[in-house]
Amino acid sequence: MKCPTCNETLLMSEKNGIEIDYCPSCRGIWLDRGELDKIIERSLAQDTPNNNHNSNDYNRPHKEHYKEHYGSKKKSFLSDIFDF
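Residues numbered from 1 in each chain as written. Predicted model: local features only at pLDDT ≥ 70, side-chain atom pairs only at ≥ 80, totals over all residues. Heavy atoms only, no water.

Asks: Which parts of the structure should I look at to understand the sheet that holds strand β2 (residues 18-22)?
Replies: Backbone hydrogen bonds are what pair the strands of a sheet, in a parallel or an antiparallel way. With respect to topology, three strands assemble into an open sheet ordered β1-β2-β3, the strand pairing being antiparallel. In the strand order of this sheet, the two ends are held by β1 (11-15) and β3 (29-31), each with one partner. This sheet shows a mean twist of 35 degrees between the axes of neighbouring strands, independent of strand direction. Inspection of the sheet shows β1 paired to β2 by five bridges, in the antiparallel sense. If you follow Glu14 over to β2, its bridge partner there is Glu19. (Pairing = 2+ DSSP bridges. Helix = DSSP H or I, 4+ residues; strand = E, 2+ residues; numbered from the N terminus. Axes fitted to C-alpha atoms, helices over the stretch in contact; angles between N-to-C directions.)

Asks: Would you take a moment to explain a nonpolar patch on the surface for this structure?
Replies: Taken together, the side chains of Ile29, Leu31, Leu36, Ile40, Leu44 and Phe82 make up a nonpolar region of the molecular surface, amounting to roughly 500 Å² of accessible area. When residues of the nonpolar patch are traced back to their parent elements, those giving at least two are β3 and α1 (35-46). For the nonpolar patch, the element with the highest residue contribution is α1, accounting for three residues. Looking at Phe82, the relative accessible area reads 31%, which means it is partly exposed. (Patch = residues over 30% accessible without salt bridge, like charges linked within 9 Å, V, L, I, M, F, W, Y side chains within 5 Å. Areas by Shrake-Rupley, 256 points an atom, 1.4 Å probe, with all protein chains shown as cover. Salt bridge = Lys/Arg side-chain N within 4 Å of Asp/Glu carboxyl O. Buried < 20%, exposed > 50% of the residue type's maximum accessible area, 1.4 Å probe, protein only.)

Purely geometric stuff here, so don't read any function into it on its own.
So, in C-alpha cells, the structure goes:
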C-alpha cells in the first residue's frame, strides 16, 4: 500500500496486537478500521488514576510526592505503540 501523503510504500508494524501501517519517509501513521478504538480502550485502561491519596500528600513538594508514590515515570501505552 502507498502512503497517501508522499506515495512511499508503507511498512507494517505490530505493537501489542495492533497492526500499524507507517511511512518511513514522512513518518505518517495509518490505522485500519477499529485499530484506533483498540488504542483508545487500552490507553484509558492503563491511565486509570489511583485514588488512594492522603490529604497531607498535597502539602508536600511535587517531586517528593511523585517519587514516593510512583517511583520513576512509566512510559505510556501510546509511546510503546508508536515507537518506531
